Amino acid sequence: MRHRHFLKLFSAGAIVLSAVAGPALANPVVLFDLNSGKILQQQDAFKRWYPASLSKLMTAYVTFRALAAGEVQLDSPIKVTKHSAAEPPSKMGFKPGSVMRLDNALKMMLVKSANDIAMAVGENVGGSQAAFADRMNAEAARLGMTGTHFVNPNGLYSPDQYTTARDLAVLVMAIRREFPQYAPWFSIEGLAVGKKAIPNYNLLIGRYPGADGMKTGFVCPSGFNMIGSATRNGRTLVAVVLGEKSAVSRAETAAKLLDQGFDTPAAGSATIATLAPYGDTVSPNDMHDEICKKKAPDEQSEAPPAAAPKNVPKSPYQEKLDHVPTLVAVGLGGATGPAPKAMLDQGGQEYADVPIPSWRPDRPAPAGGDPTVTGSAAQGDQPVKVAN
């Protein structure tokens, strides 16, 4: 039964009520107007959450800032390192040493959610994973993303990589306001890599009227995350949804929020900028057991299941597009621009991609000499199959 649901918004010490028709939600959400920043609905907006591949939005933002600063150009070469090539799926699967244009790399990162390409972008633009993560955190601090910390550019699980729904809303506003020229990249329906077509994991694109962005994410501890935006009659709304149970349910939840928002005139004074922190802001929510111990492997994937369960109507966000999707061709080569400044030493020479030597197998490793492995190689934006 539909009923009127009142959410308490805390702003400047006052309680502001925002009424949006719809059922209560069980996970962090924020629905806001992109132009005004006004919040239409929110719940657990400051709850610490693992971002998964929503991290790639910050990777894109740092790279957009580097482009604006002249550190790199759209046709600059992005080289796949041994480290980036070894990242687990979802990935493009290009061999170490492969080179592509930066703009193609960003499109593969945003549409395919390719972990190897995101790492390659970070290493090339920042000089190393650690240096790029420092830049991600510096930008987060500058933007006022007070509940966010990054350690990698692709969002593969780390207990030290976390964010909040409110902070993600801040990031979305920065991307869309500061770099409108790249907005079309977030609404690409699919990529063409040779003869292979790769659909966008954002199931709203091409299905929800007015959908124009932005990104999805999944690792077992985070559940299924999504940021969906849509524009109607000049009004752009953005839904941030964290911790859903499946790729389909996150799209359905985002669509319902957007529907409710478009049906409701902007009310109240609380904005993304003025919303004061509340609730538990330091305890992370871990959905690993619920998502990855109770579901079949094919349900632990960014891709929606091929068929709906028996006796359950197929979601409109599982249906094939009702039109021939527009594919954007991407691939290797064509990188005729200057190398990223971070990849050049003071003499203008490229650093060699030399792997760190391992300990001699005929001698015992020293204490602390073993590599630290965080998370699982089976996690990340999936499916496991790659495009070679």
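Worth saying up front: this structure is predicted, and the values here are computed from it rather than measured.

How do you make sense of helix α1 (residues 55-68) when you look at a structure like this?
The periodicity of an α-helix, 3.6 residues per turn, causes residues three or four places apart in sequence to face the same way. End to end, α1 covers 20 Å across 14 residues, agreeing with the expected 20 Å (1.5 Å per residue, within 8%). With 12 of 14 residues buried, α1 lies mostly within the body of the structure. The set of residues buried in α1 consists of Ser55, Lys56, Leu57, Met58, Thr59, Ala60, Tyr61, Val62, Thr63, Phe64, Ala66 and Leu67.

Explain unusual backbone geometry to me, please; I cannot follow it from the model alone.
What you tend to see is this: most non-glycine residues have negative phi, and most peptide bonds are trans. Here the residue pair Pro89 and Ser90 is connected by a cis peptide bond, since its omega of 5° sits within 30 degrees of zero. Mapped onto the elements, Ser90 comes out in the loop between α2 (82-85) and β6 (99-101). The phi dihedral of Asp44 falls on the positive side, at around 50°, and the residue is not glycine. In this fold, Asp44 is placed in the loop between β4 (39-43) and α1. For Ala52, which is not glycine, the phi torsion reads 55° and is therefore positive. In this fold, Ala52 is placed in the loop between β4 and α1. Classification of Ala52 by relative accessible area gives buried; the value is 2%.

Just to check I follow, could you spell out the state of the cysteines for this structure?
Should the sulfur atoms of two cysteines be covalently bonded, the bond is a disulfide. One pass over the full model with this rule turns up 1 disulfide. Bridging Cys220 to Cys292, the disulfide has an S-S length of 1.8 Å. Because the sign of the S-S torsion sets the handedness, a value of about -85° for the bond joining Cys220 and Cys292 places this disulfide among the left-handed ones. Taken as a pair, Cys220 in the loop between β9 (211-219) and β10 (223-232) and Cys292 in helix α8 (residues 288-293) lie far apart in primary sequence, 72 residues in all. For the pair shown, Cys220 and Cys292 are each scored as buried.

So what exactly am I meant to see when it comes to the pairing of strand β3 (residues 29-33) here?
Regular strands place their side chains on alternate faces of the sheet. Most of β3 is tucked away: 5 of the 5 residues are buried. A two-sided burial pattern is seen for β3, the buried positions comprising Val29, Leu31 and Asp33 on one face and Val30 and Phe32 on the other. In the sheet, β3 pairs with β4 via 4 bridges, with the strands oriented antiparallel. Counterpart to Val29 in the pairing with β4 is Gln43. A loop of 5 residues connects β3 with β4, the two strands running antiparallel in sequence, and Gly37 in this loop sits at a positive phi of about 80°. Note that β3 and strand β11 (residues 235-244) share 5 bridges and pair antiparallel.

Got a minute to help me understand the confidence of the model for the protein chain in this structure?
For residues with low pLDDT, the predicted coordinates do not support detailed interpretation. Averaged over the protein chain, the pLDDT score is 84; the fraction of residues at 70 or greater is 77%. pLDDT under 50 marks residues 365-388. Its contacts with residues more than four places away, or in other chains, come to 56 contacts.

For this particular structure, what's the right way to read the sheet that holds β3?
The strands making up a sheet associate through hydrogen bonds between their backbones, and the pairing can be parallel or antiparallel. Pairing is antiparallel in the open sheet, where 5 strands are placed in the order β4-β3-β11-β10-β9. One side of each edge strand has no neighbouring strand; the edge strands of this open sheet are β4 and β9. On average, each strand axis in the sheet is tilted by 5° relative to the strand beside it, whichever way the strands run. For β9 and β10, the ladder comprises 8 bridges, and the chain directions are antiparallel.

Sorry, what's going on with the nonpolar core here?
Nonpolar side chains in soluble globular proteins tend to end up buried together. In terms of nonpolar packing, the biggest core is built from 75 residues, with Phe32, Met58, Phe64, Ile117 and Ile227 touching the most fellow members. For this core, the leading source of residues is helix α6 (residues 165-178), giving 9 residues. Each residue touching Phe32, except ones within four places of it in the same chain, is listed here: Gly37, Lys38, Ile39, Leu40, Ala169, Val172, Met173, Thr236, Leu237, Val238, Val240 and Ile272. Counting residues in hydrophobic clusters, the runner-up holds 20 residues, among them Leu203, Leu237, Leu258 and Phe262.

Reading guide: rules and limits
Residues numbered from 1 in each chain as written. Predicted model: local features only at pLDDT ≥ 70, side-chain atom pairs only at ≥ 80, totals over all residues. Heavy atoms only, no water. Helix = DSSP H or I, 4+ residues; strand = E, 2+ residues; numbered from the N terminus. Expected span 1.5 Å × (residues − 1). Buried < 20%, exposed > 50% of the residue type's maximum accessible area, 1.4 Å probe, protein only. Disulfide = S-S within 2.5 Å. Pairing = 2+ DSSP bridges. pLDDT = per-residue confidence, 0-100. Contact = heavy atoms within 4.5 Å. Axes fitted to C-alpha atoms, helices over the stretch in contact; angles between N-to-C directions. Core = buried A, V, L, I, M, F, W, Y, C linked by side-chain atoms within 4.5 Å.

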